[in-house]
Every structure is written in C-alpha cells, then in structure tokens.
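Listed here are the chains, written in short residue letters.
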Amino acid sequence: MPTIDTERFRLRNFVEKLIEIGECEVHEKPIDLVDVGGVLDSTPRAVLFKAAGPEKAELVGSVMGSRKRLARALDTDERGLLGTLSQRLNRLQPPVKVSSQQAPVQQVVLKDDDADLCALPVHLQHAADGAPYISAGIDYALFPGTGFTNVGCRRIMLRGPRQGGVDLIAPSDMRAIYLEAAARKEPVPVAYAVGSHPADFLAAMVALPSVDELDIVGAMRGQPAPVVKCVTSDIYVPADAEYVIEGYLDPAGHVEPEGPFGEYVGYYGVVKRNPVLHITAITHREDALFQTLTIGGRALSRTDTAQLSAMKTESAAWAALMASVREPLAVYATPSSGGMYNVRVSLRQRVP
C-alpha cells in the first residue's frame, strides 16, 4: 500500500487553523446538547465545543459558515474562490485505496449494540425539530452496474440507537439509486462521513455525468483522496474522516415519518415519509471530532448550508454563462437568500 498523508485534509487540523486566524471560538466548559444550537446561532464564527453532551465529546459547528472560511479551505481568498473551484473541477483526481491499518477513521470499530447513534453528540438543530439530527453527513453509495460512487449531503434524524430517518424526497442521484433498489425489494448499503474537510462538502454539492464522484472529491482537494473499504459493505469512504456511520436503507420505501425540520431558508418543513436507515457499524478516529452544520436560523447568510449552496449556484451560473455569452466577469449568489434564490451577475457588455 502507498504511504498517504491522512492529516492534511483532516477536519481537526482545519479547525485549528481557523482558531489561529480568529475564525473559530472555543468553548472549554461542558455544555448540554440542548444548548448547542443557541450558541451556534449567536455568533458569526465557527465554534469548537470541548465537552459537549453527557459523553463530554468534542463537537465543532459552522465550520463553513462564511465565504472566508470556504476560501481558506481551498487555499485562496474570497475573490478567488469561484475561479479556484472551477479550475479544480477541470482536474479530476481518482482516489487512492489504502488499508484499514492506514485509515485513521477505522482506528475504532463499533458493531452490533456498540454502534450506538445516541452515544454521539447529536443535538437538536432547531427548537421545533422532530428529533435531534446529524446534519453534517456526507453520504457515499454505489451506482448500480458501474461501481461508481455517488457522493451527496443528507441529514439523518435519530430514531433510536441503531435507526435513523433519511430525507430522500428531493430529486437526487441517491434517491434514484434507492428507488431502483426498493422496486426490487433490495436494501441499499450506504455510508456517512461525519467530520469532513470543507473541500469534501464542496465536492458533494457537485454532480457530473458518468463520473465516479470520489474523483470530484480529489479534484476539490487538489490531490487524490485516500479511501478505505467500509467494514460492513463494499463502499469506499475517505480514510481521513473523523467518523463514518455505515448502514443500509430499508427497501420498504418512504414509509416512516421524518421531520419537521428547520429548513435552510429559515422556515419549518412539514413531516414527510422517508426511508429508514439501519446502522451496521460506526468507525472513528481515536481522538475523533464530531461535526454539525448550521441550517436556517436568525442569520441565513452565516450558515453552512447557505454558503455551500451559494458556491453550487455560482458554479452552475458561471458555467452556463461561459457556454452562452462567453464573457461573464463575476457571479455572486447571496447567502442571505439561502444561496440559490438571488444571483447577481456582471457581464462584459458588447451589445446593449
């Protein structure tokens, strides 16, 4: 197996850089999980909680809640962020497979009753949510037939120690994979990385046709991502993540209530019917750092979801303008609109 750097794109190391430049505040004192959301909602900075919940776990939130922090993740500044993102998307980087011994995310392996979602520092995102939610999950699943990996972002509602509800209402590749399998009455293996570098989240927002999306993760990082095979499925996940939750989606279909949830544009979504996730394993680093995203709240412009959505919108708008008018100068999607409902464009005007 090749020697691979599994620390450069570790979330904890990025958070430490944010602390150094004043973009992340540190809460040393123990905090109840019910109070985490209020703290995150009250500050424009990222927050590192050193002792969250009854397990006194380390938890970080709002890591990507500003354009400055996203730019820092791609080694550029705010003005150069869109250009850097576009350039990297043009250079796909296939992943490098490593052994479980080389994968920090499998330093601790929990199976059966030890794989307990309720032992994780999962907090109530908003006061009227239907349950605590894991909001920072990047999901990895296999496209049937090709063996390619699909990468996306999905929230998980806690239903108990080994079950969760996964929102699969909106059109997506993951929903298509699930519906095809459910029609055959087959479960869908899936894995969720919780605690990922911002580059991985940016990659999860991108969809390119006929591409293994692990290649997009490498593109966003600017180098191949080290990946390791899950302990209970054939899915490969980033070996340098903090946590990985392994499981499968029940083939019964959209049958269990999920929600309500405080959505990214600042209002509550209705209770939906969604598939059930069954947990088969949880793996993590020995000194793992759990992650949560900010979604909605009092200031949409400083949430993780609005900033990530803005980059997705800007990238798509820029590509469309390049294909049509050829001379866009700048594109800006306002995070205060949720990142996708207001776009400002500057063009080099040749004809009035």
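Residues numbered from 1 in each chain as written. Predicted model: local features only at pLDDT ≥ 70, side-chain atom pairs only at ≥ 80, totals over all residues. Heavy atoms only, no water.

Caption draft 1: Quick peek at the overall build of the protein. Counting its secondary structure elements, the protein contains 8 helices and 22 strands. Against the globule reference of 20 Å for 352 residues, the protein gives a C-alpha radius of gyration of 19 Å, in line with a compact fold. Principal axes of the C-alpha set define a box for the protein whose edges measure 65 × 50 × 45 Å. Taking as baseline every contact in the protein between residues at least 6 positions apart, the subset at least 24 positions apart corresponds to 68%. Counting only carbon and sulfur atoms, one obtains 52% of the accessible surface of the protein, whose full area is about 14900 Å². (Helix = DSSP H or I, 4+ residues; strand = E, 2+ residues; numbered from the N terminus. Rg over C-alpha atoms; globule rule 2.2 N^0.38 Å. Contact = heavy atoms within 4.5 Å. Areas by Shrake-Rupley, 256 points an atom, 1.4 Å probe, with all protein chains shown as cover.)

Caption draft 2: Looking closely at the state of the cysteines. Counted according to the given criterion, the structure contains 0 disulfides. There is no disulfide at Cys24, and the cysteine sulfur nearest it, in Cys153, is 20 Å away. Under the relative-accessibility criterion, Cys24 is labelled buried at 4%. Cysteine Cys153 shares no disulfide, and the gap to the nearest cysteine sulfur, in Cys230, comes to 17 Å. Overall, Cys153 belongs to the partly exposed group, its relative accessible area being 29%. (Disulfide = S-S within 2.5 Å. Buried < 20%, exposed > 50% of the residue type's maximum accessible area, 1.4 Å probe, protein only.)

Caption draft 3: Fine view of the side chain of His123. Its place among the elements puts His123 in the loop between β5 (108–111) and β6 (133–134). A polar side-chain atom of His123 sits 2.8 Å from a polar atom in the side chain of Thr292. When sequence neighbours within four positions are dropped, the list of residues in contact with His123 reads Leu33, Val36, Gly37, Leu40, Leu59, Pro132, Tyr133 and Thr292. (Polar contact = N/O pair within 3.5 Å; in protein donor to acceptor, adjacent residues only side chain to side chain.)

Caption draft 4: Region of the structure containing the sheet that holds strand β12 (residues 226–229). The mixed open sheet is built from 3 strands, whose spatial order is β4-β12-β13. Either end of the sheet is taken by a strand with one partner, and the two such strands are β4 (96–97) and β13 (236–238). Where β4 lies against β12, 2 bridges are found, and the strand directions are parallel. By the bridge assignment, Val96 is partnered in β12 with Pro226. (Pairing = 2+ DSSP bridges.)

Caption draft 5: Fine view of the packing of helix α4 (residues 81–89) against helix α7 (residues 214–221). Contact pair α4 / α7: the axes reach a minimum separation of 8 Å and the direction vectors enclose 135°. Between α4 and α7, the angle is such that the two are oblique. The chirality of how α4 crosses α7 is right-handed. For the pair α4 and α7, contact is made by Leu85, Arg88 and Leu89 and by Ile216, Ala219, Met220 and Arg221, respectively. The residue inventory of the contact of α4 with α7, partitioned by class, reads 5 nonpolar, no polar and 2 charged. (Axes fitted to C-alpha atoms, helices over the stretch in contact; angles between N-to-C directions. Parallel < 35°, antiparallel > 145°, perpendicular 65-115°, else oblique. Left-handed = near helix turned anticlockwise from the far one by under 90°. Nonpolar A, V, L, I, M, F, W, Y, C, P; charged D, E, K, R; others polar.)

Caption draft 6: Up close: the sheet that holds strand β20 (residues 290–292). Reading across the sheet, the 4 strands line up as β1-β2-β3-β20 and stay open at both edges, with mixed pairing between neighbours. Among the strands making up the open sheet, the edge pair consists of β1 (24–27) and β20. With direction set aside, neighbouring strand axes in the sheet form an average angle of 20°. Bridge analysis of strand β3 (residues 57–61) against β20 gives 3 bridges, and the strand direction is parallel. Looking across to β20, one finds that Val60 is bridged to Gln291. Sheet contacts for helix α1 (residues 11–20): β1, β2 (46–52), β3 and β20; angle to β1, the most-contacted strand, approximately 105°.

Caption draft 7: Local environment of the nonpolar core. Counting 96 residues, the largest nonpolar core has Phe49, Ile134, Ile245 and Leu249 as the members making the most contacts within it. If you tally residues by element for this core, the top one is strand β11 (residues 188–194), at 6 residues. Beyond its immediate sequence surroundings of up to four residues, Ile245 is in contact with Leu117, Leu120, Ile134, Val190, Ala191, Tyr192, Val194, Ile279, Ala281 and Ile282. (Core = buried A, V, L, I, M, F, W, Y, C linked by side-chain atoms within 4.5 Å.)

Caption draft 8: Quick look at unusual backbone geometry. In the segment running from Gly259 into Pro260, the intervening peptide bond is cis, with an omega of -5°. Its location among the elements puts Pro260 in the loop between β15 (256–258) and β16 (261–262). Positive phi outside glycine occurs at Lys56, with the angle close to 55°. Mapping Lys56 onto the fold places it in the loop between β2 and β3. Look at Lys56 and you get partly exposed, because its relative accessible area is 47%. Its identity is not glycine, yet Ser210 carries a phi of approximately 55°, on the positive side. You can see Ser210 is positioned in the loop between α6 (198–204) and α7. Note on Ser210: relative accessible area 71%, which makes it exposed.

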